[in-house]
Protein chains: 2
Amino acid sequence: MEQKEKTIKSQEIFKGKILNLFVDEVKLPNGHTSTRELIRHCKASCVLAINEKNEIIIEEQFRYPYDTTLIEFPAGKCDKDEDPKDTALRELAEETGYIANNIELLGLFYPTCAYSDEVIYLYLATDLKEGKQHLDKDETLSFSWIKLNEFIKMIQEDKVRDGKTLATMTYYLTKYRTIS
Amino acid sequence: MEQKEKTIKSQEIFKGKILNLFVDEVKLPNGHTSTRELIRHCKASCVLAINEKNEIIIEEQFRYPYDTTLIEFPAGKCDKDEDPKDTALRELAEETGYIANNIELLGLFYPTCAYSDEVIYLYLATDLKEGKQHLDKDETLSFSWIKLNEFIKMIQEDKVRDGKTLATMTYYLTKYRTIS
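None of the values given here were measured: they were computed from a predicted structure. (Residues numbered from 1 in each chain as written. Chains lettered and ligands numbered in written order. Predicted model: local features only at pLDDT ≥ 70, side-chain atom pairs only at ≥ 80, totals over all residues. Heavy atoms only, no water.)

A. Representation of the sheet that holds strand β2 (residues 20-27) of chain A. Residue and element names in this part refer to chain A. Taken together, three strands build an open sheet; the order of strands is β1-β2-β3 and the sheet is antiparallel. Every interior strand has two partners, whereas the edge strands, β1 (6-15) and β3 (33-40), have only one. Each adjacent strand pair in this sheet contributes to an overall mean axis angle of 20°, direction not counted. As paired elements, β1 and β2 share eight bridges and run antiparallel to each other. Note that in β2 the partner of glutamate 12 across the bridge is phenylalanine 22. (Pairing = 2+ DSSP bridges. Helix = DSSP H or I, 4+ residues; strand = E, 2+ residues; numbered from the N terminus. Axes fitted to C-alpha atoms, helices over the stretch in contact; angles between N-to-C directions.)

B. Representation of the pattern of salt bridges. Applying the stated rule across the entire model yields 28 salt bridges over all chains. Where B:Lys53 meets B:Glu55, a salt bridge forms, and the shortest distance between an N and an O atom there is 4.0 Å. Across the salt bridge formed by B:Glu157 and B:Lys159, the nearest N and O atoms sit 2.9 Å from each other. Overlapping salt bridges, with partners in common, bring together A:Asp79, A:Glu82, A:Arg90, A:Glu91 and A:Glu94 in one network. (Salt bridge = Lys/Arg side-chain N within 4 Å of Asp/Glu carboxyl O.)

C. Region of interest: the environment of A:Glu139. Residue and element names in this part refer to chain A. Positionally, glutamate 139 belongs in the loop between β9 (120-129) and β10 (141-147). For the pair glutamate 139 and phenylalanine 62, spaced 77 residues apart in the sequence, the C-alpha separation amounts to 9.5 Å. Excluding residues that lie within four positions of it along the chain, glutamate 139 makes contacts with Gln61 and Glu95. (Contact = heavy atoms within 4.5 Å.)

D. Quick peek at the interface of chain B and chain A. With 72 residues of chain B at the interface, the matching set in chain A holds 72 residues. The contact between chain B and chain A buries some 6,700 Å² in all, and 60% of this surface belongs to carbon and sulfur atoms. Of all residues in chain B, B:Tyr64, B:Tyr66 and B:Tyr110 bury the most surface against chain A, accounting for 12% of the area lost on that side. Scanning the region where chain B abuts chain A turns up two salt bridges. Where the side of chain B that touches chain A is concerned, the elements lending two or more residues are β1 (6-15), β2 (20-27), β3 (33-40), β5 (55-63), β6 (68-72), β8 (99-109), α2 (148-156) and α3 (163-176) of chain B. In terms of residue count, α3(B) provides more of the side of chain B that touches chain A than any other element does, 10 residues in total. Taken together, the residues of the side of chain B that touches chain A sort by class into 34 nonpolar, 19 polar and 19 charged. (Buried area = accessible area lost by both parts, 1.4 Å probe. Nonpolar A, V, L, I, M, F, W, Y, C, P; charged D, E, K, R; others polar.)

E. Highlighting the nonpolar core. In this structure, A:Ile56, A:Phe151, B:Ile56 and B:Phe151 are the most contacted members of the largest nonpolar core, which totals 54 residues. When residues no more than four places from it in sequence are discounted, the contact partners of A:Phe151 are A:Ile56, A:Ile58, A:Ile71, A:Phe73, A:Ile146, A:Val160, A:Thr165 and A:Met169. In this structure, A:Ala88, A:Tyr98, A:Cys113 and A:Val119 belong to the second largest nonpolar core, which totals 18 residues. (Core = buried A, V, L, I, M, F, W, Y, C linked by side-chain atoms within 4.5 Å. Buried < 20%, exposed > 50% of the residue type's maximum accessible area, 1.4 Å probe, protein only.)

F. Expanded view of the sheet that holds β5(B). All names here are of chain B. An order of β6-β5-β10 is seen for the three strands of this open sheet, with the pairing classed as antiparallel. Of all the strands in the sheet, just β6 and β10 (141-147) have a single pairing partner and so form its edges. Between one strand and the next, the sheet's axes are offset by a mean angle of 30°, whatever the strand orientation. Relative to β6, β5 runs antiparallel, the two sharing five bridges. Looking across to β6, one finds that phenylalanine 62 is bridged to threonine 69. Here helix α1 (residues 84-96) sits on the sheet in contact with β5 and β10, set at roughly 75° to β5.

G. Representation of the relation of the copies chain B and chain A. Mapping chain B onto chain A calls for a screw motion: a turn of 180° about the axis and a shift of 0.0 Å along it, with 0.0 Å RMSD after fitting. Taken together, the rotation and translation describe the operation of a two-fold axis. The residues that chain B uses at the interface reappear at the interface of chain A in 100% of cases, marking a shared surface. (Least-squares fit on C-alpha atoms with pLDDT ≥ 70 in both.)

Laid out in structure tokens, this is it:
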């Protein structure tokens, strides 16, 4: 059976700084019509930066929707027409100061497929050179190095809940580690 | 430094079937004010169902925001006041027919921490008994069994991009498998 839902009408409800909201009327595969509430969001990138001692960079950042500080990998939105790889390198440099001489796409992450079209590109950065952090005016975050094994323990203890960070780890572990 | 952002004003922009949109005015730790665009969404649950042959259940479901069919684990929104564990059991039974005699919380997943407060509870279901699928009227999805190792290969090949599914795998691999 053809699974696609066809757009009959699309109405823009809100145009914001970081997201736009639409309510679309769609025709379902079974012929019924329904509505879809939909966030449209720009692309973003996220980076797992690892050094030759198997240490990785993590950040702590306050997140308003959860009213708490979360553990995350460096990440940020793509500027208009910016290649997501350049976003990853830029955000890593801005947030931590580190310049990566090697960067590789691990995979793509669809955060919340039921109501958003956001795509986050997940990267692995290696061969890192220390530099100077240069945060945006209203950005407050701190970063630190942690042993990969200790970070895995933090995941086991439910201390890492950020979606892009967990997804990056899935790609990294399945591609670069032996699982048995 | 105190990292919290304090809500000065909260304005509801849209109240929908599956999400509500707010624009809040906040006071930043540095004293500046800013706005936060914020989706409020109900809780949801997602289930990794695995049998004694190391086979797992995956679904294929059309997702309107991406205009394509995605590979996902069974999942769904919590009904009002429903325990997320009961949601996980209910959705697994509705979407696949399987009844789990054992279910365990793996961890929590924050899909998109910059602009949504959604929390998805990620479960591991075992000791499964076959039953009859009973989908919602407008739900069209198919499910199948796949060897865990083959599913890991699908992740390596970037064929699994759904956030809750990738995050569930991170918890499962770090808690139940040996990583070296």
